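Now for the letters of each chain:
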Amino acid sequence: MRIGIVGTDNSHVDQIVRHLNVDAAGGDARVVALSGGRGPRNDALAATGGIAHVVGAPADLLGLVDAVVVADRDGARHRDRAMPFLTAGLPVFVDKPLARTVADARALIDAARAHDAPLTSSSALRWHPGTEELAARSARAGTPELVVVSGPADPDGDHGGIFFYGIHAVDIALRLAPGPLSAVRTDLTGSTAVASFTAGPTRVVVNLVRPGATEQIPFHAMTFTRRDLAERTLVPGADYCVPGLEAFLTMARTGRPPIGYADLLRPIEVLEAVDAALRAASTGPRG
């Protein structure tokens, strides 16, 4: 399977190239082409992975690859970057977040459906062993009545503000709380944006905490049922992107997305509401 990558500045690309090309740990899958043109970053990746093709525009990958990873850090770019491949019917993995607006996310999903092009996107922490353990424990104990997830996210950060890191905590929470969403309430308390809503029968609270200059809180998740309380601190390991990458490779081979398209949309719905609240607060009247 020939993989192309769009958006190579992301450090996740290093893990992908190492896993597929250096370690040959993804079966027959190899990264064979990068977009973005020649430069120190792409030249280094090409040398490390023995990657033959470095092209200019993303669409120049067409004809060279069987599946595509869109890895730009800023989700605002993802619709334009991914669309040529979806309309060509190729499997596409859009690294987190899928988009920065619900409209863009819907457009990507609509294109995937219209052209029978499998599409997936997720936070790597959705696949973290601790998240999986909490999900399995909740399945045994019954649907959670409450899910609380906390993690760092900077509304003023590069690469899309609250979306860039906020997707991690929100995706963890929604992995643990399936079902349709209610309206999202956002409360701003000092350095924290608190998003609360229901997902199906589950009350969900996500605490998005602005990092300090030299430190940040860890990712942490709790689930509560009538009979059980479980919690995990989720620390990304050296190869934390690999489980999501393997889910993408399975999708490319089978044509079956690992995450339902309604579930791809839910985190963007939550984050768009939080982003709107943050923007309103930043432009509101000052005393």
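Structural data are supplied above this passage.
Once a new chain begins, its residue numbering starts again from 1 and follows that chain's sequence as written. Only residues with pLDDT of at least 70 are given local features in this predicted model, and only at 80 or more are side-chain atom pairs given and counted; all residues enter the totals for whole chains, interfaces and linings. Remark: hydrogens and water are excluded; side-chain values derive from all non-hydrogen atoms of the structure.

Visitor: Sorry if this is basic, but what is going on with the side chain of H220 here?
Guide: Helical segments are the DSSP runs of H or I of at least four residues, strand segments are the runs of E of at least two, and each set is numbered from the N terminus. Relative to the elements of secondary structure, H220 occurs in strand 11 (residues 219-224). In the analysis that follows, any N or O atom pair within 3.5 Å is treated as a polar contact, provided that within protein one partner can donate a hydrogen and the other can accept it, and provided that, for residues neighboring in sequence, both atoms belong to side chains. One polar contact links H220 to E231, side chain to side chain, over a distance of 2.8 Å. Here H220 is in contact with V148, V149, S150, E231, R232 and T233, once residues within four sequence places are set aside. Contacts were defined at the residue level, with two residues in contact if any of their heavy atoms lie within 4.5 Å.

Visitor: Where do I start with the packing of helix 6 (residues 162-176) against helix 8 (residues 261-283) in this structure?
Guide: Geometry of a packed helix pair, given as the angle between the helix axes and the separation of the axes. As a packed pair, helix 6 and helix 8 sit with axes 9 Å apart at the nearest point and diverge in direction by 130°. Taken together, the axis directions place helix 6 and helix 8 in an arrangement best described as oblique. Classified by chirality, the crossing of helix 8 by helix 6 is right-handed. Every residue of helix 8 that contacts helix 6 at I162, F163, G166, I167, V170, D171 and L174 is listed here: R266, P267, I268, V270, L271, E272, V274, D275 and L278. All axes here are fitted lines through C-alpha atoms, helices being fitted over the stretch that makes contact, and every angle between N-to-C directions spans 0 to 180 degrees. By definition in this entry, angles of less than 35 degrees are roughly parallel, angles greater than 145 are roughly antiparallel, angles of 65 to 115 are roughly perpendicular, and the rest are oblique. Left-handed describes a crossing in which the near helix is turned anticlockwise from the far one by less than a right angle; the clockwise case is right-handed.

Visitor: Hey, could you run me through helix 3 (residues 78-87) in this one?
Guide: Each full turn of the α-helix corresponds to 3.6 residues, which orients residues three or four apart in the same direction. Burial in helix 3 covers these residues: H78, A82, F85 and L86. Looking down the long axis of helix 3, one finds its buried residues gathered within 100° of arc, a one-sided arrangement. Among the structural elements, strand 1 (2-6), strand 4 (67-70), strand 5 (92-95), helix 4 (102-114) and strand 6 (119-122) are those in contact with the buried residues of helix 3. Following helix 3 by one or two positions, G89 adopts a phi angle in the positive range, close to 85°. The rule is simple: take the accessible area with a 1.4 Å probe, protein chains only, and divide by the maximum for that residue type; under 20% is buried, over 50% is exposed, in between is partly exposed. Directions from the helix axis toward the C-beta atoms define the arc.

Visitor: Explain the environment of V235 to me, please; I cannot follow it from the model alone.
Guide: By the secondary structure assignment, V235 is in the loop between strand 12 (229-234) and helix 7 (242-254). Residue class for V235 comes out exposed when judged on its relative accessible area of 58%. Here the alpha-carbon distance between V235 and T189, two residues 46 residues apart in the chain, equals 25 Å.

Visitor: Would you take a moment to explain the sheet that holds strand 6 for this structure?
Guide: One requirement defines pairing of two strands: DSSP has to find at least two bridges between them. Read from one edge to the other, the open sheet built from six strands follows the order 3-2-1-4-5-6, with strand pairing classed as parallel. Looking at the sheet topology across the chains shown, the edges are occupied by strand 3 (53-55) and strand 6. Each adjacent strand pair in this sheet contributes to an overall mean axis angle of 20°, direction not counted. Relative to strand 5, strand 4 runs parallel, the two sharing three bridges. What sits directly across from V69, in strand 5, is F93.

Visitor: How do you make sense of the packing of aromatic side chains when you look at a structure like this?
Guide: For any pair of aromatic rings, geometry is given as the distance between the ring centres together with the angle between the planes. Only the six-membered ring of Trp is used, alongside the rings of Phe and Tyr, when aromatic pairs are assigned; centres must lie within 6.5 Å, and planes under 30 degrees apart are stacked while those over 60 apart are edge-to-face, with the rest tilted. This structure, assessed with the given rule, holds three aromatic pairs. Their ring planes at 45° and their centres at 5.9 Å tell us that F164 and Y165 sit as a pair that is tilted. Overall, Y165 belongs to the partly exposed group, its relative accessible area being 31%. Consider the rings of Y165 and F219, whose centres lie 6.0 Å apart with planes at 40°: the pair is tilted. Remark: F219 occurs in strand 11 and Y165 occurs in helix 6; sequence separation between them is 54 residues. The exposure class assigned to F219 is buried, which follows from its relative accessible area of 6%. Among the aromatic residues, those joined into a cluster by ring pairs are F164, Y165 and F219. Two limits define a charge over a ring: the Lys NZ or Arg CZ must be within 6 Å of the ring centre, and within 35 degrees of the ring normal. It is K96 that lies over the ring of F164; its NZ or CZ is 3.7 Å from the centre.

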